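This is what each chain is made of:
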Amino acid sequence: MPRLTDARKELRRAQITEAAVRCFGRNGLERTSIADITAESGLSAGSIYAHYRNKADLVQATAREVLAERARVLGEYAASDTPPDPEDLLARLIAAIDPAAARVGVQTWGEATTNPAIRDIVVDMTDRMRAMLHDCVTAWLVKVEHDEPAGARERAAPIAHRVMARYQAELLYTALRTPTEETPS
């Protein structure tokens, strides 16, 4: 059997985590089995176990991926020549919410209250997202509002905190909606 290249392994891992997000979003973390993910991904159980030791390992990887996607988007906004203002930033983040990913995110938050490995991931990714929001708001204050960098960092902290809180509330609201209430993108 030919060996998988690193790029191919990453593609396969992404295929598995995307299938897991769909299953977790539809069935919940607890009610989703590896067999469900196997069926959703079109891969064999052996292929899934070649990339993940067990379901808990896959839950952790999925949590990282869902949270990391938001961090990637924020990094792009902060690096742009004209970063969005806080209201536009929040609107963009809300518009990009995927209902299945929101359900997985909220389930992951719940799991973080009792699972130390998941808690570590959620705390790390939340801290990283909060820092990226802070960087994005700081960049807007400096590049658009022409604040001095030191003052902008201080001024950005409470603004970024409010954006984060409103975004998390919107994630929760989206996660709690039933599938019939979701509107197609």
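Right above here is the structure, for reference.
Presented here is an overview of the structure given in this document.

What counts and how
Residues numbered from 1 in each chain as written. Predicted model: local features only at pLDDT ≥ 70, side-chain atom pairs only at ≥ 80, totals over all residues. Heavy atoms only, no water. Helix = DSSP H or I, 4+ residues; strand = E, 2+ residues; numbered from the N terminus. Buried < 20%, exposed > 50% of the residue type's maximum accessible area, 1.4 Å probe, protein only. Contact = heavy atoms within 4.5 Å. Areas by Shrake-Rupley, 256 points an atom, 1.4 Å probe, with all protein chains shown as cover. Lys, Arg positive; Asp, Glu negative; His and termini not counted. Charge placed at Lys NZ, Arg CZ, Asp CG, Glu CD. Polar contact = N/O pair within 3.5 Å; in protein donor to acceptor, adjacent residues only side chain to side chain. Phe/Tyr/Trp six-rings, centres within 6.5 Å; stacked < 30°, edge-to-face > 60°. Lys NZ or Arg CZ within 6 Å of the ring centre and 35° of its normal. Core = buried A, V, L, I, M, F, W, Y, C linked by side-chain atoms within 4.5 Å. Axes fitted to C-alpha atoms, helices over the stretch in contact; angles between N-to-C directions. Parallel < 35°, antiparallel > 145°, perpendicular 65-115°, else oblique. Left-handed = near helix turned anticlockwise from the far one by under 90°. Expected span 1.5 Å × (residues − 1).

1. Some remarks on the overall build of the chain
For step 1, the next point in the chain: Helix and strand content of the chain: eight helices and zero strands.
For step 2, the next point in the chain: Tracing the chain from N to C terminus, the helices and strands come up as α-α-α-α-α-α-α-α.
For step 3, the next point in the chain: Counting only C-alpha atoms and orienting by the principal axes, one finds that the chain spans roughly 60 × 40 × 35 Å.
For step 4, the next point in the chain: Counting every position in the chain, which comprises 185 residues, the buried fraction comes to 42%.
For step 5, the next point in the chain: Of the contacts formed within the chain by residues at least 6 apart in sequence, a portion of 67% connects residues at least 24 apart.
For step 6, the next point in the chain: Summed over all atoms, the accessible surface of the chain reaches about 10300 Å², with 55% contributed by carbon and sulfur.
For step 7, the next point in the chain: Computed over 24 positive and 27 negative side-chain charges, the inter-centroid distance for the chain is 6 Å.

2. Some points on the environment of H161
For step 1, the next point in the chain: Summarising the element assignment, H161 is placed in helix 8 (residues 149-176).
For step 2, the next point in the chain: When the C-alpha atoms of H161 and H134 are compared, they prove to be 7.9 Å apart, with 27 residues separating the residues in sequence.

3. Remarks on the side chain of T62
For step 1, the next point in the chain: Summarising the element assignment, T62 is placed in helix 4 (residues 55-79).
For step 2, the next point in the chain: You can call T62 buried: its relative accessible area is 1%.
For step 3, the next point in the chain: Only 2.8 Å separates the side chain of T62 from the backbone oxygen of L58, close enough to count as a polar contact.
For step 4, the next point in the chain: When neighbours within four sequence positions are excluded, T62 is seen to be in contact with T17, A20, V21, F24 and V104.

4. Re the packing of aromatic side chains
For step 1, the next point in the chain: Tallied over the full model, the rule gives zero aromatic pairs.
For step 2, the next point in the chain: For the cation-ring pair, R92 lies above Y77, with the distance from its terminal atom to the ring centre recorded as 5.0 Å.

5. So, the nonpolar core
For step 1, the next point in the chain: Counting residues in hydrophobic clusters, the biggest one holds 26 residues, and the most contacted among them are I16, F24, I37, L58, I118 and I121.
For step 2, the next point in the chain: For this core, the secondary-structure elements that each account for two or more residues are helix 1 (6-27), helix 2 (34-41), helix 4, helix 6 (99-112) and helix 7 (116-143).
For step 3, the next point in the chain: Considering every element that reaches this core, the biggest residue donor is helix 4, with seven residues.
For step 4, the next point in the chain: Beyond its immediate sequence surroundings of up to four residues, I121 is in contact with Q60, A63, R64 and L67.
For step 5, the next point in the chain: V73, L89, A102 and V137 belong to the second-largest nonpolar core, a separate cluster that totals 25 residues.

6. A few points about the packing of helix 7 against helix 8
For step 1, the next point in the chain: It is the contact of helix 7 with helix 8, at a shortest axis distance of 7 Å, that shows an interaxial angle of 130 degrees. In terms of their interaxial angle, helix 7 and helix 8 are classed as oblique. Helix 7 and helix 8 meet at a crossing whose hand is right-handed.

7. Thoughts on helix 6
For step 1, the next point in the chain: Between its terminal C-alpha atoms helix 6 stretches 20 Å, which fits the 20 Å expected from 14 residues at 1.5 Å a residue.
For step 2, the next point in the chain: With ten of 14 residues buried, helix 6 is to be regarded as a mostly interior element.
For step 3, the next point in the chain: Restricting attention to buried positions, one finds in helix 6 the residues P99, A100, A101, A102, R103, V104, G105, V106, T108 and A112.
For step 4, the next point in the chain: Its buried side turned inward, helix 6 meets helix 1, helix 4, helix 7 and helix 8.

8. Considering the environment of L74
For step 1, the next point in the chain: Relative to the helices and strands, L74 is located in helix 4.
For step 2, the next point in the chain: Judged by its relative accessible area of 0%, L74 falls in the buried class.
For step 3, the next point in the chain: For the pair L74 and I159, spaced 85 residues apart in sequence, the C-alpha to C-alpha distance is 15 Å.
For step 4, the next point in the chain: Those residues in contact with L74, other than ones at most four positions away along the chain, are L89, L93, M129, M132, L133 and C136.

9. Side note on the side chain of S41
For step 1, the next point in the chain: With respect to the element layout, S41 can be found in helix 2.
For step 2, the next point in the chain: Given the relative accessible area of 10%, S41 is considered buried.
For step 3, the next point in the chain: Look past the residues within four positions of S41 in its chain and what remains in contact with it is Q15, A19 and I48.

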